Amino acid sequence: AEPTAASAPPITEKSVPDHCLIRGAMNERTGIDGQPYALQFELRLPVDWNEKFYYQGGSGVDGILFEAFGTYGGGGNVRNALLDGYAVVTTDSGHQAVKDKPNGRFLFGADPQARLEYGNMQIPQVTAAAKSLIDRFYGQAPKFSYFYGSSNGGRQAMIAAQQYPDLFNGILASAPGFRLAQASIQALYQAQISAKVAPKGPDGQPDLKNTLTADEKAVVVTKILDACDMLDGAKDGMVSRISACHPDPAEWACKAGETAGCLPEAKADYVKKLFAGAHTSDGRQIYAPWPFDPGMAEQTSNSYFWLFAGEASHIYTTPPTITPDIAGYGLSADVDREFAKLSASEAPFTVAGTAFTNGESPDLDKFRANGGKLMIYNGTADFAFSIYDVEAYYKKVEARYGTDEARDFVRVFFVPGMAHTRGGAYGTDQFDAFGALSQWVEKGVAPTRMIATARADAGVKWPGRTRPICLYPAEAVYDGHGD
């Protein structure tokens, strides 16, 4: 523990107030793979405390002890939770990336306990440590406790609500990978269909990052906007009524004599398969389809293939495939076989990947009974995790509790044009989701809409534009009056 002085102005999302910085570890051991392990955490306790606790979820496959600043969701943040008086904790989820070894960030998948701590076991242990230290430092427990996480951290947020319902009053899940196991297998499928049409790189392997040329991506954007831009009543370069946007990419194929404004037939077929999502050979959906947002044209670059393939091979499947050749694994894997391995277990891996990784249960009985509030948001141009997966989950919650009752403690927002957790050249990604959650938890003001602003840093052509982000299933439609 060490006293830490406030940072100098100007204030940014990385600024800190006067605070006590604590780093600790538990469960120190040597894994079955011979590597050292420990569940490490960082806790920052501000001198001017607001009597609240903020657990900041992880990212990627963790393995990094993130600075406990208390990042807020969305883009364009100019403050953080620590600055605003929250006691903030982060964790590496029980492992560190192995240095000087190929794909060292995934190698913890060879150790059963490391898998479990990464998956769902770190949350209660780190929370207990943090709250104990908070009580010792301030002489009292926090009045309100929050969990915020995006991506993998969003997965952890969903797990917190479902499996540890007593720990947090409010939970904010951004772009949650709550079925990350299945999403990782879909990434293998996407890479394999991409490889069939991608150009070859200098090494003779498919150049998955350039599956579509810049001109072909522009065609995808144009076709989506032509079909769906006006569905919300405004030709504004955004698709706000994503629920009504269902074009057929097969119709984007060039006809005889056409060379511009269309896709080669093989590329059109690839795009159609891409948006439809992966299926097993007997027709079962592996993860989810993707929405037709213009920002999804960048999905064709397979940005998350290497990350997801590393996760699928080393962490979520049993037995794992420990290999330095992640790309080779992903491009040659039998998708049906790897999908089946998500639910398999065998010694020493006695818990299946979906069981320790995923947070997909609609059973929120205890969280609801405790008065907890869960808020989920996801961008429609997110090509790591699909809004349709969130929608399917929320419909299960509605089926369990009823439409009105579900909305009493779970609320979902889809952000048109926003990419993975933030950004997106066809959207508005700056909004105060955590502020909306805290108002709901502490004052009973349930959020029905948030105003989002477009940022130049996100690559938009119209910085400063604002749009309402509506409570699902509502969508913003222009009424024909005013700006």
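Residues numbered from 1 in each chain as written. Predicted model: local features only at pLDDT ≥ 70, side-chain atom pairs only at ≥ 80, totals over all residues. Heavy atoms only, no water.

**Regarding the overall build of the protein chain**
Basically, it comes down to this: Every helix listed is a DSSP run of H or I at least four residues long, and every strand listed is a run of E at least two residues long, numbered separately from the N terminus. Atoms counted for the radius of gyration: C-alpha only. Globule rule: 2.2 Å times residue count to the power 0.38. With a 1.4 Å probe rolled over the protein chains alone, any residue whose accessible area is under 20% of its type maximum counts as buried; one over 50% counts as exposed, and the rest are partly exposed. Whether two residues touch is decided by their heavy atoms; if any such pair falls within 4.5 Å, the residues are in contact. Values of accessible area rely on a 1.4 Å probe in the Shrake-Rupley scheme; residue burial ignores everything except the protein chains shown. His is not counted, nor are the chain ends, whereas Lys and Arg count as positive and Asp and Glu as negative. Each charge is placed at NZ for Lys, CZ for Arg, CG for Asp and CD for Glu.
The number of helices and strands found in the protein chain is 13 helices and 11 strands. For 483 residues, the compact-globule formula gives about 23 Å, and the C-alpha radius of gyration of the protein chain, at 23 Å, lands near that figure. Once the C-alpha set of the protein chain is aligned to its principal axes, its extents read approximately 75 × 60 × 50 Å. For the protein chain, buried positions account for 58% of its 483 residues. Residue pairs in contact within the protein chain that sit at least 24 positions apart in sequence constitute 71% of those at least 6 positions apart. In the structure as shown, the protein chain presents an accessible area of about 19,300 Å², 51% of it carried by carbon and sulfur atoms. Placing the 44 positive and 56 negative side-chain charges of the protein chain at their respective mean positions leaves the two points 1 Å apart.

**Comments concerning the pattern of salt bridges**
A side chain of one charge can pair with a side chain of the opposite charge if their charged atoms are brought near each other. Our working rule: Note on definitions: salt bridges are taken to be side-chain nitrogens of Lys or Arg within 4 Å of carboxyl oxygens of Asp or Glu.
In this structure the tally under the stated criterion is 19 salt bridges. In this structure, Lys217 engages Glu298 in a salt bridge whose closest nitrogen and oxygen atoms are separated by 3.4 Å. Within this pair, whereas Lys217 is found in helix α4 (residues 214–228), its partner Glu298 is found in the loop between α5 (265–276) and α6 (305–316), the two being separated by 81 residues in sequence. One salt-bridge network, in which partners are shared between bridges, spans Arg23, Glu42 and Arg44.

**What about the nonpolar core?**
Rule in force here: Take the buried Ala, Val, Leu, Ile, Met, Phe, Trp, Tyr and Cys residues and link them wherever side-chain atoms come within 4.5 Å; each set so joined is a nonpolar core.
Counting 107 residues, the largest nonpolar core has Ile171, Leu364, Leu374 and Ile376 as its most contacted members. In terms of residues, this core owes the most to one element, helix α3 (residues 180–195), which gives 10 residues. Tyr72, Phe413, Met418 and Phe431 belong to the second largest nonpolar core, which has 28 residues in total.

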